[in-house]
There are 2 protein chains.
Amino acid sequence: MTETLTPGCVSVIDDDPHVRGSISSLLRSCGYEVRLYESTAAYLAADRPETRCCLVLDVRLSGESGLEFTEKLARLAYAVPVVLITGHGDIPMTVRGMRAGAVDFLPKPFDDDQLLGAVEAALLADLGRRAEFERSLQLQRQYDGLTPREKEVMALVVTGLMNKQVAARLDLSEITVKIHRGNVMRKMVAQSLADLVRMAEQLGVRDDSIHRYSI
Amino acid sequence: MTETLTPGCVSVIDDDPHVRGSISSLLRSCGYEVRLYESTAAYLAADRPETRCCLVLDVRLSGESGLEFTEKLARLAYAVPVVLITGHGDIPMTVRGMRAGAVDFLPKPFDDDQLLGAVEAALLADLGRRAEFERSLQLQRQYDGLTPREKEVMALVVTGLMNKQVAARLDLSEITVKIHRGNVMRKMVAQSLADLVRMAEQLGVRDDSIHRYSI
DNA sequence: GTCGCTATCATACGCAGGTTTGGGCATACG
DNA sequence: CGTATGCCCAAACCTGCGTATGATAGCGAC
């Protein structure tokens, strides 16, 4: 019965071998790739899956708690979607898990369909997140290729300053600003100022010394 | 003991008069303005507070459930932060509430401090949300003031097209595009193309007929 | 019908953006 | 020491943008 819509890799972290086994057999029977870990440390030590993936994580673990780990993951640039499961859950724990960005929070025992639904949602979430992450990584690589001066010029240009104003602010001649600006456009592979502005927005690049009138 | 950091108005919706009364006295003693309702319908019928505000909402209500109401609120442009409270909560209910965007989910009975903390967090959230809402409202008003043609020109301009290209796409002469473009800048109160691009981003204005190479 | 708004276009001027060519200076790396 | 890189500037040139000024035309409101 392989009716999986979005195939992918599910990493299961649970310190109970029996739980790992039953979840594993369920997911595998549906066509998912499954990797099993007994602790968050073991998971971190392993390689990341290349394909779409998610995490099924027990809240109560011997080492680091599943909640703490979820919160830690949320602080990363690229967070894997997490499905939390627990045998002894309560409402405050659920609140904390969901706040940390968990896709779902399932109290044991749960139906097969509940877990499958949560895993499916998590893999679907990873689809979009992964694409966005790749884009922002590429953008960051381009931005890192700029020289310090070019970054300064870019920050001022995307705030809407004219070359003349940029030159005054950086104590340069206008022609120099034009050259830097041209370099920025080429290195960032921006085909228009509008493009560059959107890239800067996504990178969080802006001039701190200016108080903007809008946004 | 008025040690409130962010004063504001708390609307309490609970069908139990006793609960309303006790929550009310607690919040009032801390300096909050409190309004009491016995149903979501009664809340909707009343005026919205002008100041910073939040909602304390019982999950189990006689009419519309608190969860449904929270989900409905979340679909609005400007959603009031909600603190959910319940006497008979479980984990799936908590998951649903938090997914709907609730700030907190408190099982009864709760400590005074728990409610106060949640209300404080909700009011703080409303601070930022309210400012952002005002800005986007203002922006929308300006955008609505554009003529259809001006909106078309704006959409193409912020994607990075030159006047010449915009003219070709709309089958106009370049000078006409320039005039429309000037009108757009003036009506949107944008001081630079960069400003206009950011405004368009926030408004969700973009040209659908073009496949963008980035973002 | 007249007023006002929208939309269209033309000519022309001034300013801003962008590139090329060419040059000078400092620093870092081998 | 030579080379590369980053940074700076200038003259010249082309293109694009923005704004007058002026003119025509359709359309809805009063």
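All values reported here derive from a predicted model rather than from experimental measurement. (Residues numbered from 1 in each chain as written. Chains lettered and ligands numbered in written order. Predicted model: local features only at pLDDT ≥ 70, side-chain atom pairs only at ≥ 80, totals over all residues. Heavy atoms only, no water.)

Looking at this model, I keep getting lost on the overall build of chain A. Mind explaining?
What chain A contains, in helices and strands, is nine helices and five strands. Reading chain A from its N terminus to its C terminus gives the helix and strand order β-α-β-α-β-α-β-α-β-α-α-α-α-α. Taking 2.2 N^0.38 as the reference for a compact globule, 215 residues should give roughly 17 Å; the C-alpha atoms of chain A span a radius of gyration of 23 Å, well beyond that estimate. Residue burial in chain A is summarised as follows: out of 215 residues, 47% are buried. If you take every contact in chain A between residues at least 6 apart in sequence, the share linking residues at least 24 apart comes to 63%. Within the structure as shown, chain A displays about 10600 Å² of accessible surface, and the carbon and sulfur contribution to it stands at 53%. Here chain A contributes 26 positively and 30 negatively charged side chains, and the mean placements of these two sets differ by 10 Å. (Helix = DSSP H or I, 4+ residues; strand = E, 2+ residues; numbered from the N terminus. Rg over C-alpha atoms; globule rule 2.2 N^0.38 Å. Buried < 20%, exposed > 50% of the residue type's maximum accessible area, 1.4 Å probe, protein only. Contact = heavy atoms within 4.5 Å. Areas by Shrake-Rupley, 256 points an atom, 1.4 Å probe, with all protein chains shown as cover. Lys, Arg positive; Asp, Glu negative; His and termini not counted. Charge placed at Lys NZ, Arg CZ, Asp CG, Glu CD.)

Before we go on, may I ask you to explain the interface of chain B and chain A in this structure?
Accessible area lost on assembly of the parts is the figure often given for the size of an interface. In this complex, chain B contributes 33 residues to the contact, which on the side of chain A involves 33 residues. For the chain B and chain A pair, buried surface summed over both sides reaches about 2700 Å², with 62% attributable to carbon and sulfur atoms. Across the contact surface, chain B and chain A share four salt bridges. Between A:Glu201 and B:Arg198 there is a salt bridge, and its shortest N-O distance comes to 3.8 Å. Put simply, chain B and chain A have six residue pairs in polar contact (both at pLDDT 80 or more) between them. Among the elements of the structure, helix H4 (91–99), strand S5 (104–107), helix H6 (148–158) and helix H9 (193–203) of chain B are those that each provide at least two residues to the side of chain B that touches chain A. At eight residues, the largest contribution of residues to the side of chain B that touches chain A is made by H9(B). (Buried area = accessible area lost by both parts, 1.4 Å probe. Salt bridge = Lys/Arg side-chain N within 4 Å of Asp/Glu carboxyl O. Polar contact = N/O pair within 3.5 Å; in protein donor to acceptor, adjacent residues only side chain to side chain.)

Could you clarify how one ought to interpret the protein's contact with DNA strand D in this entry?
In the vicinity of DNA strand D lie 17 residues, with A:Thr147, A:Arg149, A:Ser173, A:His180 and B:Arg181 positioned nearest. A:Ser173 places a main-chain nitrogen or oxygen 2.8 Å from a phosphate oxygen of DNA strand D. A:His180 places a polar side-chain atom, nitrogen or oxygen, 3.0 Å from a phosphate oxygen of DNA strand D. Mapped onto the surface near DNA strand D, the elements with two or more residues apiece are helix H6 (148–158) and helix H8 (174–187) of chain A together with helix H7 (163–170) and helix H8 (174–187) of chain B. The element that contributes the greatest number of residues to the surface near DNA strand D is H8(B), accounting for five residues. In terms of residue class, the surface near DNA strand D is made up of six nonpolar, six polar and five charged. (Near = heavy atom within 4 Å. Nonpolar A, V, L, I, M, F, W, Y, C, P; charged D, E, K, R; others polar.)

What is the right way to look at the environment of A:Ala77 in this model?
Locating A:Ala77 in the fold gives a position in the loop between helix H3 (66–74) and strand S4 (82–86). Taking C-alpha positions, A:Ala77 is 17 Å from A:Met199, a pair spaced 122 residues apart along the chain.

Help me out: how do you make sense of the UniProt feature "domain: HTH luxR-type" (unreviewed entry) in chain A in this one?
Mapped onto this numbering, the UniProt entry annotates "domain: HTH luxR-type" (unreviewed entry) at residues 139–204 of chain A. Strand forms 0% of residues 139–204 of chain A and helix 76%; the C-alpha atoms that close the span are 11 Å apart. (UniProt positions renumbered as here; feature names shortened; annotations may be inferred.)

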